[in-house]
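Remarks on the overall topology
Spelled out, the chains give:
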Amino acid sequence: MKRIVWLVVCCAALSVGASDRARPREGGIITSGIVGYGLEVLLTKLDSIEHKLQKMQTQLNEYRSTREGNLINVEHKLENQATPNTSGIQERIDATLQKILQQVGQVQKDCSYHKHTLQLMMGMPENSVHTTLKQDCATPSVEEKSVTPTSAVPDGPSFFSCKDTSSNVSGTYLIRVKNGSVPFKVFCEQQKFEGGWIVIQHRYDGSLNFYRNWNEFRDGFGDLEKEFWLGLEKVYQITKDRAHEIIIELKDFSGNYKYARYDSFEIGSECERYFLKNLGSYNGTAGNAMSYNKGLKFTTMDSYGKSTAQCTIYRQGAWWHERDCTRANLNGRYINALNWTSMFWYDFDSYRGLSFSRMMIREVE
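Figured I'd write up the structure that's included with this text. (Residues numbered from 1 in each chain as written. Predicted model: local features only at pLDDT ≥ 70, side-chain atom pairs only at ≥ 80, totals over all residues. Heavy atoms only, no water.)

1. Concerning the overall build of the chain
Helix and strand counts for the chain stand at eight helices and 14 strands. Counting over 365 residues, the chain shows a buried share of 45%. For the chain, the proportion of contacts with a sequence separation of at least 24, taken over those separated by at least 6, is 60%. A total of about 18,200 Å² of accessible surface is found on the chain, and carbon and sulfur atoms cover 50% of it. (Helix = DSSP H or I, 4+ residues; strand = E, 2+ residues; numbered from the N terminus. Buried < 20%, exposed > 50% of the residue type's maximum accessible area, 1.4 Å probe, protein only. Contact = heavy atoms within 4.5 Å. Areas by Shrake-Rupley, 256 points an atom, 1.4 Å probe, with all protein chains shown as cover.)

Below, the structure written as structure tokens:
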């Protein structure tokens, strides 16, 4: 039993240690050279942790086999005596060992996830995407760039917004941001909050990986009928000339529902890194967690500034990050856990992962 306790303590220490190493110093601004060195150190430490975990798992399996053998011997000695059956003891020991092995497996999984992220970052020069964007911004036609469809232009009537449709049925519709522009599909929510909403993000079952690069967040990904991200360029084109509001719906794994509503919303262009240009007054039940993101540039795993480089690892979700990352992380990992890499809204329930997120914008008069 002492050995079990010792193993549990070791598991907890390794888990906490791995988390602490990933946490950034508040207010720290890291130069490119230091980031590279720091990532190499983290990779080395993660390798060491993985080795220790593998060794620990082997020891646990050996201990389990030894314990089972000892229990069999005890049962043989006591089979002719009027003593309680030892099967209950073995079941409790098996359950405890199984729990420990699951915890070790989860820590190993987290270590591998962090290691993969670090290896991706080490292969990318800091601000590499940002440098390309600066060159694009020098081109006069960037501001008038139209949203280019990834496939053939769909047929059917198009509207300027979801509010313009005469239907009260939620589903996919074609919209165009102005006369002569290329129409594209959006999902219109026509029932909740009096309808007329364009859904720009939807997550509800974790089936879609949201840990994506800059180009994917710019262009959009997923299925409009399932989980998806509409695309920053589309959102920019929609909000740049006409006033919009935004509402964010949230739900935890216990079914508790809350929302946050802001009476204005607008983002900048790609050359401005889609910074959160306007976020109006808040009302709702979820808390004003997004107010901290106002004026910040959008950050992805391969596009970040010096002051937000650590957030790629620390939050594991693309967002409008600041130096101290964010209090809203709706593109984070889809996990039911108290973890700062999860899909969380801090004012809802700290870093507790959420089961549902839907971001919607609507034109205002």
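2. Quick notes on the state of the cysteines
Applying the stated rule across the entire model yields two disulfides. Sulfur-sulfur distance for the disulfide between C162 and C188 comes to 2.0 Å. Between C162 and C188, the disulfide has an S-S torsion of -75° and is therefore left-handed. Linking C162 in the loop between strand 1 (158-159) and strand 2 (171-175) with C188 in strand 3 (residues 184-189), this pair joins segments that are 26 residues apart in sequence. Here C162 and C188 have matching classes, each one buried. (Disulfide = S-S within 2.5 Å.)

3. Digging into the side chain of D302
Tracing the backbone through its elements, the reader meets D302 in the loop between strand 11 (282-284) and helix 7 (311-314). Buried charged residue D302 carries no salt bridge. Nearest counter-charge: R273, at 8.7 Å. Engagement of the side chain of D302 in a polar contact is seen with the backbone nitrogen of W214, the distance being 2.9 Å. Engagement of the side chain of D302 in a polar contact is seen with the side chain of T300, the distance being 2.8 Å. (Lys, Arg positive; Asp, Glu negative; His and termini not counted. Salt bridge = Lys/Arg side-chain N within 4 Å of Asp/Glu carboxyl O. Polar contact = N/O pair within 3.5 Å; in protein donor to acceptor, adjacent residues only side chain to side chain.)

4. Comments concerning the packing of aromatic side chains
Summed over all chains, the structure comprises 16 aromatic pairs. Seen from their ring centres, F253 and Y334 are 5.7 Å apart, and the 70° between their planes marks the pair as edge-to-face. Here the residue F253 occupies a position in the loop between strand 7 (244-251) and strand 8 (257-262), and Y334 occupies one in the loop between strand 12 (328-329) and strand 13 (344-345), the gap between them amounting to 81 residues. By relative accessible area, F253 is classed as partly exposed at 35%. Judged by relative accessible area, Y334 falls into the partly exposed class, the value being 22%. Ring geometry for W319 against W320: centres 5.1 Å apart, planes inclined by 75°, an arrangement best described as edge-to-face. For W319, a relative accessible area of 0% translates into the label buried. With relative accessibility at 1%, the residue W320 sits in the buried group. Aromatic ring contacts, followed pair by pair, group F210, F217, F221, W229, F298, W319 and W320 into a single cluster. Cation over ring: R212 sits above F221, and NZ or CZ is 4.5 Å from the ring centre. Cation over ring: K258 sits above F348, and NZ or CZ is 4.6 Å from the ring centre. (Phe/Tyr/Trp six-rings, centres within 6.5 Å; stacked < 30°, edge-to-face > 60°. Lys NZ or Arg CZ within 6 Å of the ring centre and 35° of its normal.)

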